[in-house]
Amino acid sequence: MTSASSPEPFGARLRRAMDERGPLCVGIDPHASLLTDWGLSDDIAGLERFTHTVVEALADRVAVLKPQSAFFERFGSRGIAVLERAVADARAAGALVLMDAKRGDIGSTMAAYAATYLDPASPLFSDAVTVSPYLGYGSLRPALDLARESGTGVFVLALTSNPEGAEVQHAVRGDGATVAATMLDHLRAENAGAAPMGSYGAVVGATLGGAAAAQGTDLAINGPLLAPGIGAQGATAADLPRVFGAAAGDVVPNVSRGVLRHGPDVAALRESAERFAGEVREALGG
Ligand SMILES: O=C(O)c1cc(=O)[nH]c(=O)n1[C@@H]1O[C@H](COP(=O)(O)O)[C@@H](O)[C@H]1O
């Protein structure tokens, strides 16, 4: 039940989208090299065409689109304008938009980042945002609170897909828990009691192999698990069961370059996304 004062929580909206469209998330990452490969100029016109094409191809069929803010920010205010339009167009076509901004700062500044992405009055209002907890999980509180109010979601970096992440995330605290497991514990507490699923997600790379299981890290947080790393970073959908074990039903696998390299042809982009979606279905038994 929703009303103007209590919007439907992101977790419920995401679960429905995953049920209806499958769990795949496709990234919108306009790398300069991709613009070139698509026959586009590495400028604002190229950025606009690339972004519009991806939204046109996929926003009416994938559960989640994840624009990577950095590739828009590098063009300054005009890049941000393209991003604003992409967010609005993708949401209008039925995709949930996860803004990949990976923000993290002291709480008072975090409040401004939260307002940027999670306040419905903001031009960049999105369904969810990625955040970094490495100024301390508590520093994220303004985003966690605003998400609850606005029916949006927050994805917290826990075990990232890049090899460099281990020196921070696998570090063992005084109490014997790894830093990553501590972040997952916080998220599990945040999502406690939510049905069908909480709105607070973790980012856990599809590239991790059996690392989480080997460390005894419980990935089940009653919330979504964004799994980047499929495609260009070397992981495949077939890796998901080993990485996620019993939590595999909450996984939102992300592919960016693996799909985008098939553009600019709209049909080819759709085919590629459908192929990854099929591999995910097969791997997860959906
Ligand atoms: O938060 C993310 O999305 C993210 C977290 C992580 O651990 N690893 C990771 O690759 N990402 C993002 O996911 C996307 C992966 O892109 P591809 O490697 O091209 O599929 C990029 O936008 C990354 O910034």
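Basis of the calculations
- Residues numbered from 1 in each chain as written.
- Predicted model: local features only at pLDDT ≥ 70, side-chain atom pairs only at ≥ 80, totals over all residues.
- Heavy atoms only, no water.
- Axes fitted to C-alpha atoms, helices over the stretch in contact; angles between N-to-C directions.
- Helix = DSSP H or I, 4+ residues; strand = E, 2+ residues; numbered from the N terminus.
- Parallel < 35°, antiparallel > 145°, perpendicular 65-115°, else oblique.
- Left-handed = near helix turned anticlockwise from the far one by under 90°.
- Contact = heavy atoms within 4.5 Å.
- Nonpolar A, V, L, I, M, F, W, Y, C, P; charged D, E, K, R; others polar.
- Near = heavy atom within 4 Å.
- Polar contact = N/O pair within 3.5 Å; in protein donor to acceptor, adjacent residues only side chain to side chain.
- Areas by Shrake-Rupley, 256 points an atom, 1.4 Å probe, with all protein chains shown as cover.
- Expected span 1.5 Å × (residues − 1).
- Buried < 20%, exposed > 50% of the residue type's maximum accessible area, 1.4 Å probe, protein only.
- Arc of directions from axis to C-beta.
- UniProt positions renumbered as here; feature names shortened; annotations may be inferred.

### Details of the packing of helix H3 (residues 44–58) against helix H13 (residues 266–284)
Running from amino to carboxyl end, H3 crosses H13 at an angle of 55°, the nearest separation of the two axes being 9 Å. By the criterion of interaxial angle, the relationship of H3 to H13 is oblique. Crossing of H3 against H13: the hand is right-handed. In contact with Thr 53, Glu 56, Ala 57 and Leu 58 of H3, H13 contributes Val 266, Leu 269, Arg 270 and Ala 273. Partitioned by chemical class, the residues of the contact of H3 with H13 number five nonpolar, one polar and two charged.

### Observations regarding the site of the ligand
As a structural note, the neighbourhood of the ligand is formed by 17 residues, with Asp 29, Lys 66, Ser 161, Gln 233 and Arg 257 the closest of them. Side-chain polar atom of Asp 100 to an oxygen atom of the ligand: 2.9 Å apart, as the coordinates give it. The contact in question runs from an oxygen atom of the ligand to an N or O atom on the side chain of Arg 257, over 2.6 Å. Surface burial for the ligand is 90%, taken as the share of its 500 Å² of free accessible area covered by protein chains. The residue inventory of the shell around the ligand, partitioned by class, reads five nonpolar, seven polar and five charged.

### Side note on helix H5 (residues 77–92)
End to end, H5 covers 23 Å across 16 residues, agreeing with the expected 22 Å (1.5 Å per residue, within 8%). Turning to H5, its buried residues number three or more, namely Gly 79, Val 82, Leu 83, Ala 86, Val 87 and Ala 90. Within H5, the buried residues cover an arc of 140° as seen down the axis, which keeps them to one side. The exposed residues of H5 that point more than 90 degrees off its buried face are Ser 77, Arg 78 and Ala 92. Lining the buried residues of H5 we find H3, strand S2 (64–67), helix H4 (70–73) and strand S3 (96–103). Two residues or fewer past H5, Gly 94 is found with a positive phi of approximately 105°.

### Observations concerning the UniProt feature "active site" (unreviewed entry) in the protein chain
Taken from the UniProt record, the annotation "active site" (unreviewed entry) applies to Lys 102. When you line up the elements, Lys 102 lands in strand S3. Filtering out sequence-adjacent residues up to four positions away, Lys 102 remains in contact with Gln 68, Thr 130, Val 131, Ser 132 and Leu 157. A distance of 2.8 Å separates a polar atom in the side chain of Lys 102 from a polar atom in the side chain of Asp 100.

### Remarks on the environment of Val 243
Take Val 243: it is sitting in helix H11 (residues 240–244). Note on Val 243: relative accessible area 3%, which makes it buried. Distance in space between the C-alpha atoms of Val 243 and Ala 213 is 7.4 Å, their sequence separation being 30 residues. In contact with Val 243, not counting residues within four places along its chain, are Val 204, Gly 205, Ala 206, Leu 208, Gly 209 and Leu 219.

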